[in-house]
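Each chain, written out:
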Amino acid sequence: IGIRVRKVQPSPQKYFHHPRSGTGKFYSILSLSKDHFKLLTISLNNYLKELCEDISKTLSQNCSIYYDLEYVEINVDKCIIIGLITNEIVTNAIKHAFSDVKDPALKVVLKNKDNEILLSIIDNGKGFDGNMEELSKKSLGLKVISSLSKQLHAKLITTHEQGLGYILSFKL
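Given the structure is predicted, the values throughout are model-derived calculations rather than measurements. (Residues numbered from 1 in each chain as written. Predicted model: local features only at pLDDT ≥ 70, side-chain atom pairs only at ≥ 80, totals over all residues. Heavy atoms only, no water.)

Caption draft 1: Region of the structure containing empty space enclosed by the protein. For the coordinates displayed, the defined rule picks out one cavity of 30 Å³ or more. Every residue along the wall of the largest cavity is listed here: Ile85, Ile89, Leu119, Ile121, Leu156, Tyr166, Ile167 and Leu168. Broken down by element, the lining of the largest cavity gets its largest block of residues, three residues, from strand S8 (residues 165–171). (1 Å grid on protein atoms, 1.4 Å probe; cavity = no way out; pocket = protein on both sides within 12 Å on 5 of 7 lines; lining within 4 Å. Points joined across faces, edges and corners; volume = space filled by probe spheres on them. Helix = DSSP H or I, 4+ residues; strand = E, 2+ residues; numbered from the N terminus.)

Caption draft 2: Structural detail: the environment of phenylalanine 98. Inspection of the secondary structure puts phenylalanine 98 in the loop between helix H3 (76–97) and strand S5 (105–113). Sequence spacing of phenylalanine 98 and glycine 127 is 29 residues, and the spatial spacing of their C-alpha atoms is 9.2 Å. For phenylalanine 98, the contacting residues outside a window of four places in its chain are Cys63, Ala93, Pro104, Ala105, Leu106, Asp123, Asn124 and Gly125. (Contact = heavy atoms within 4.5 Å.)

Caption draft 3: Representation of the side chain of serine 149 in the model. Note on placement: serine 149 falls in helix H5 (residues 140–151). If we ignore the near neighbours within four places in the chain, the residues touching serine 149 are Ile85, Ala154, Leu156 and Leu168.

Caption draft 4: Inspection of the pairing of strand S6 (residues 116–123) at higher detail. Pairing of S5 with S6 involves eight bridges; the strand directions are antiparallel. Across the sheet, valine 108 pairs through a bridge with isoleucine 121, a residue of S6. Following S5, the chain reverses through two residues before pairing antiparallel with S6; aspartate 114 in that reversal takes a positive phi of roughly 55°. The pairing of S6 with S8 spans seven bridges and is antiparallel. Of the residues in S8, the one forming a bridge with isoleucine 121 is tyrosine 166. (Pairing = 2+ DSSP bridges.)

Caption draft 5: The arrangement of unusual backbone geometry in detail. We note that aspartate 114 has phi near 55°; this positive angle belongs to a residue other than glycine. With respect to the helices and strands, the residue aspartate 114 is situated in the loop between S5 and S6. Judged by relative accessible area, which is 68%, aspartate 114 ranks as exposed. The phi dihedral of histidine 153 falls on the positive side, at around 60°, and the residue is not glycine. Relative to the assigned elements, histidine 153 resides in the loop between H5 and strand S7 (155–159). Here histidine 153 falls in the exposed class, since its relative accessible area comes to 72%. (Buried < 20%, exposed > 50% of the residue type's maximum accessible area, 1.4 Å probe, protein only.)

Caption draft 6: Region of interest: the packing of helix H2 (residues 44–58) against H3. Two elements in contact, H2 and H3, have axes whose closest approach is 10 Å; the angle formed by their N-to-C orientations is 35°. Our pair here, H2 against H3, has a crossing hand that is right-handed. Counted together, Leu44, Tyr47, Leu48, Leu51, Cys52, Ile55 and Ser56 of H2 and Cys79, Ile82, Gly83, Thr86, Asn87, Val90, Thr91 and Ile94 of H3 form the full contact between these two elements. Residue composition of the contact of H2 with H3, grouped by class: ten nonpolar, five polar and no charged. (Axes fitted to C-alpha atoms, helices over the stretch in contact; angles between N-to-C directions. Left-handed = near helix turned anticlockwise from the far one by under 90°. Nonpolar A, V, L, I, M, F, W, Y, C, P; charged D, E, K, R; others polar.)

Caption draft 7: Quick peek at the sheet that holds S6. The strand order across the open sheet formed by five strands is S3-S5-S6-S8-S7, and the pairing between neighbours is mixed. Since the sheet does not close on itself, it has two edges, and those belong to strand S3 (64–69) and S7, each with one partner. Each adjacent strand pair in this sheet contributes to an overall mean axis angle of 10°, direction not counted. Contacts from H2 reach S3, S5 and S6, with the element oriented near 175° to S3. Where H3 meets the sheet, its contacts fall on S5, S6 and S8, and the angle it forms with S6 comes to roughly 15°.

So, in structure tokens, the structure goes:
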């Protein structure tokens, strides 16, 4: 798994909030202990949108991404895991799903119902005709998604009727 470091612009305050001070300073994250790090929360809806856009631009694909994102504030630990899962799903979709697809598109949905979070990422690609369980045993990417989902104590459902979709549900 590659890690990319980049400057956050225009300001990290739109993503990071510290409940005790009311403001966030991105550079201060580096000096925080593990216990303090857990106090930080991130606007997951903003983070997911920016992450998906960055992946699409990085892979130079003309892929439309449609969003239906409710506001969800989540701790940094969970956000990192969700970011890794999202990165894997979106990257796989852009790299593999859209050959021979006229108008490639992804739909990213984030819902919060009584602190039960539902994240779905669905592409309109060629889908998968085989057994998803068998593919999951062979594919490193799907193993990563499954393993990270378990770290969240999340339920992971895959759909493959019209494109390929992942539905992740977990408690805040």
